[in-house]
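# Analysis of the macromolecular model
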Amino acid sequence: MKKFVYIFSFFILVIASAAAPNSDEKKNPSDKPDLEKIKKEVLDLSSPYYYPKLMKSYESNDTTMGLEEYRHLYLGMMFQEDYNPYRHSEYRDKIQELYYRENHSRYELDSIIAYAELSLSDDPFDLEQINYLIYALRGRGKVNRANIWQYRLNHLLQSIVSTGTGLDPENAWYVINPRHEYNIINFQNRLAESQEFQQPYYEYIKLVPIDSLQKSPEGYYFNIHTLLEEYYRKFPEQL
């Protein structure tokens, strides 16, 4: 569908940038995150990564935020009291049928914008809703707002792929929401064939094979250790 074309092309650039050193960052952007350190920093009022400060910058469209700020913003969400990796906004399903149409009227685009914004007010890192929002904003000619959300989405995606390569458990990608595993795959124009939980805390998603002559990963690993740890800490009845 046309709404995803610009996401695909960007994602290829994200993967490439995560595999190469970035002179604008203080460290290699493909470093495995130190989640204990991130937790300490996002909860420390005196830290430049104090979570309310980061969120305020994010919501004010601060384009000076770099990869390290976004890594703390994205991964640091797991240490906030209102964090729930399985949260599902009621607004996501209100106009589900609109998302799969090839073309949309102005009224339909406005509906997508309204419900995407409501959903994001509940779950600010719903990557799928951000994608729909960008598409609808561009369709309504609201280019500046679309560019702001594109910048946010770009950096959230890079925050994920910068945590590893995804090719083996040792270099698994870290996600804060299980849906993000599928977002990462879909944004590459790939499809998931199966999902398997692997002890102690990995999920492996096998991909639908593509052209046998084209070299590509058979699947990706995701590290959900902290995701599960925080979920069961807050919802012990789910154990």
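Predicted model, so just to flag it, every value in this text is computed and none were measured.

Parameters and conventions
Residues numbered from 1 in each chain as written. Predicted model: local features only at pLDDT ≥ 70, side-chain atom pairs only at ≥ 80, totals over all residues. Heavy atoms only, no water. Pairing = 2+ DSSP bridges. Helix = DSSP H or I, 4+ residues; strand = E, 2+ residues; numbered from the N terminus. Contact = heavy atoms within 4.5 Å. Axes fitted to C-alpha atoms, helices over the stretch in contact; angles between N-to-C directions. Buried < 20%, exposed > 50% of the residue type's maximum accessible area, 1.4 Å probe, protein only. Phe/Tyr/Trp six-rings, centres within 6.5 Å; stacked < 30°, edge-to-face > 60°. Lys NZ or Arg CZ within 6 Å of the ring centre and 35° of its normal.

This part is about the sheet that holds strand E1 (residues 173-174). With mixed pairing, the 4 strands of this open sheet are ordered in space as E1-E4-E3-E2. Every interior strand has two partners, whereas the edge strands, E1 and strand E2 (192-198), have only one. Note: E1 against strand E4 (residues 219-223), 2 bridges, orientation parallel. By the bridge assignment for E4, Tyr174 is matched with Asn223. Of the strands in this sheet, E1, E2, strand E3 (202-207) and E4 are in contact with helix H8 (residues 178-186), which crosses E3 at around 30 degrees.

Right, let's talk about the pairing of E4 for a bit. Taken across its 5 residues, E4 has 5 buried, putting it largely inside the fold. Of the two faces of E4, the one lined by Gly219, Tyr221 and Asn223 and the one lined by Tyr220 and Phe222 are each fully buried.

Time to look at the packing of aromatic side chains. By the definition in use, this model includes 12 aromatic pairs. Seen from their ring centres, Tyr231 and Phe235 are 5.2 Å apart, and the 40 degrees between their planes marks the pair as tilted. Given the relative accessible area of 25%, Phe235 is considered partly exposed. Feature note: the residues Tyr58, Tyr70, Tyr74, Phe125 and Tyr151 constitute an aromatic cluster, connected by ring pairs. Across the ring face of Tyr58, the terminal group of Arg152 is positioned such that the distance to the ring centre comes to 4.5 Å.

Honestly, it's all geometry; don't read function into it.
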